[in-house]
Structure formats: structure tokens, C-alpha cells
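# Architecture and fold: a report
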Amino acid sequence: MTAADLAFYVLSAVAVVSGWRVFRTDSMVRASFLLMLSFIAVAAIMLMLAAPYIGMATVFMMAVEMMVMALFMVMFMMNPAGLNPMSMVHQNRLSIGAAATAFVGLTVAVLFTDLPHEKVARQAPVIRDLGHELLGPSMLVFESAGVTLLAAMVASVVLSARSGRFGPSDEGSRPPGLEPGGEPAGRVPESEQEDE
Amino acid sequence: MTLTAVLIVAAALIGIGLYGALSQQSFVMLMMGLELILNGVLLAVIAFWSLGAGGPPRGQVLAIVVMAVMAVEMAVGFALVTAVFRRRQADTTEKLGTLKE
């Protein structure tokens, strides 16, 4: 076994185990950092696969993304610090079955397919090729990805803005009552607060 | 490090991500499952590009499209979580039994 093989096995184990621990840890913040660890291990494998640009871009993207994710965890979860044990799952058995089926199915497909074996040349200028491809023949794909990201930015601002173009975003919205027809639980919409 | 081995690792990541996306109640944890699936997809794309297809430049463009999908999923997903929480005080899938309030 060469050093590269050993590194690959270690990184694969890190990626898979930390990906699995994401759904087993009690702390939400720890979960997002475990997911980041999984992504960084995959990025390191991609560096070994002669894709330095994609690998490094993944590391940077995931570092920022997981910071945002940790922030959202603290904002939205009732138990972000993981001080008490927590398991918030539904249809657990079905999910395990689906996951196992997916893994076994994909593995069988991989093992029984006659995969092509043509390695990328050792000294190939992959980043320069990628740059020429992105700003040359594949520019439409690249620009479409860029415009899609712009649309996503606009969409996320529209969705998360407190007030829309036609007044408060929660106008006419009442939280459901604790009992049917009872007082609304949680926050009363702003439009109704003013009336009281 | 063969193509088969890398693809099996990618399959494991996709399986774990599928488990998370189907089983988690919290929206944010559910999105972590989706991210893990995309992580496996990205690894598989790069493995095919590097070990199977001899490194054509277009393979990396596909990987960049997958990364754009990841970013869009995160941005729109978090905006939806914020909007749903603001309207319905819901942070788990169980609290969204109906489309209307």
C-alpha cells in the first residue's frame, strides 16, 4: 500500500464517520463542525485526485457555509449547546432502510459496472485548462451558474425580508392556538399587535 | 486509490445524507443531510473526471455546477426556514402539517 492509498483510506474514514456523527451528536454546533470536517476530508481527497481548484474552492465555501449554519443552529434550535441528550428523528427505521438500500444499490452498481480507467495525466495543467474552458467553450454554463446564484440571492432576500412590497410579510397570519379556536400560541402578528 | 474505491466512499456519503434528509425533524439538520448527499455527488463527479475519463476540462465544469447547486440550496433553504419560522413559529417538519395555517 502506498502513502497515497493510506491517506485516501484515512480521509475516507474521516469523511464517512464524521458525516455519520453529524446526525448522532447532541450539540447542533458540533454537528455543523462535523459536517465541515467531512467536507474538508472530501476536499483533501479531491486534491489527491488532481483537482486542486475544486478542492480548495470546496474548503473555502464550506468554511463560510458551516459558520452560517452554526449561526442558524443557535438561532433556531431549542438546544444548541447540546447540554441534554437530544434525538429529533422521525420515520427512523424507514430512513435507515432507505439509506442502506441506497448505499448497497450504488455499491453493487459500482462493483458490477465496467468502469473506464483513464487517469488524468500527471503533469496536466488542470487549473489552466479549467480557466480556458470556463471562459471559452463552457462560458454559457459558467454564466448560467452565476445568474442562478444572483437569482438565489434575490430570492433569499425576498423570502426572508420582514416586510414585503405590499406591507408586513406576516399580515393576516395568526399562529395556531394551543387548543382549537384558542389564543394564538407564540408571537402575535405585528398587524394585530397594534390593534390591541 | 481506484475509481471503484472512491465511488464506494461517495455512495456511503450519499447513503448517510439520505438518512439525514429523511429522518431529521429539524429543518437545519435536514439541510445538512442534503448537503451530505451533494458532497457525495461532488466526490463522484471528480473521481470520474480524474480516474475514469482522463481529465477533460469539461468534467470540472460539471463539478462547478454541483457547487452552485450547493450554494443555492443553502441560501434559499435558510431563507425559507426564516420565512416559515416568522409566519408559523415552526422549526421542525412536524409543525408543518398543512400548506395553509
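In what follows, the structure referred to is the one given above.
Residues numbered from 1 in each chain as written. Chains lettered and ligands numbered in written order. Predicted model: local features only at pLDDT ≥ 70, side-chain atom pairs only at ≥ 80, totals over all residues. Heavy atoms only, no water.

### Some thoughts on the overall build of chain B
When you go through chain B residue by residue, the secondary structure sums to three helices and zero strands. Tracing chain B from N to C terminus, the helices and strands come up as α-α-α. Across the 101 residues that make up chain B, the buried fraction comes to 65%. A separation threshold of at least 6 residues defines the contact pool for chain B, and within that pool the share at least 24 residues apart is 61%. Here chain B displays about 3,400 Å² of accessible surface, and carbon together with sulfur accounts for 74% of that area. (Helix = DSSP H or I, 4+ residues; strand = E, 2+ residues; numbered from the N terminus. Buried < 20%, exposed > 50% of the residue type's maximum accessible area, 1.4 Å probe, protein only. Contact = heavy atoms within 4.5 Å. Areas by Shrake-Rupley, 256 points an atom, 1.4 Å probe, with all protein chains shown as cover.)

### Observations regarding the interface of chain B and chain A
At the junction of the two partners, chain B supplies 72 residues and chain A supplies 83 residues. The largest per-residue losses of area from chain B upon contact with chain A belong to B:Met1, B:Tyr19 and B:Arg86, which jointly make up 11% of the total buried on that side. Counting every contact that joins chain B to chain A gives one salt bridge. Summed over the shared surface of chain B and chain A, the result is 16 residue pairs in polar contact (both at pLDDT 80 or more). Counting residues per element, the side of chain B that touches chain A draws most heavily on helix 3 (residues 57-88) of chain B, at 24 residues. When grouped by side-chain class, the residues that make up the side of chain B that touches chain A number 47 nonpolar, 18 polar and seven charged. (Buried area = accessible area lost by both parts, 1.4 Å probe. Salt bridge = Lys/Arg side-chain N within 4 Å of Asp/Glu carboxyl O. Polar contact = N/O pair within 3.5 Å; in protein donor to acceptor, adjacent residues only side chain to side chain. Nonpolar A, V, L, I, M, F, W, Y, C, P; charged D, E, K, R; others polar.)

### So, unusual backbone geometry
Residues and elements named next belong to chain A. Phi at Ala50 is positive, roughly 65°, even though this residue is not glycine. Along the chain, Ala50 falls in the loop between helix 2 (28-48) and helix 3 (52-76). Residue Ala50 is classed as partly exposed on the basis of its relative accessible area of 26%.

### Notes on helix 6 (residues 139-160) of chain A
All names here are of chain A. Between its terminal C-alpha atoms helix 6 stretches 31 Å, which fits the 32 Å expected from 22 residues at 1.5 Å a residue. Restricting attention to buried positions, one finds in helix 6 the residues Ala145, Ala152 and Ser156. Down the axis of helix 6, the buried set is contained in an arc of 25°. They therefore lie on one face. Along helix 6, exposed side chains directed more than 90 degrees from the buried face belong to Leu140, Val147, Val157 and Val158. (Expected span 1.5 Å × (residues − 1). Arc of directions from axis to C-beta.)

### Digging into the packing of helix 3 of chain A against helix 2 (residues 27-52) of chain B
Where helix 3 of chain A contacts helix 2 of chain B, the axes come no closer than 12 Å and their chain directions differ by 175°. It follows that helix 3 of chain A is roughly antiparallel to helix 2 of chain B by the angle criterion. On helix 2 of chain B, the residues that touch A:Ile54, A:Thr58, A:Met62, A:Glu65, A:Met69 and A:Met73 of helix 3 of chain A are B:Val28, B:Met29, B:Met31, B:Met32, B:Glu35, B:Leu42 and B:Ile46. A breakdown of the residues in the contact of helix 3 of chain A with helix 2 of chain B according to their chemical character gives ten nonpolar, one polar and two charged. (Axes fitted to C-alpha atoms, helices over the stretch in contact; angles between N-to-C directions. Parallel < 35°, antiparallel > 145°, perpendicular 65-115°, else oblique.)

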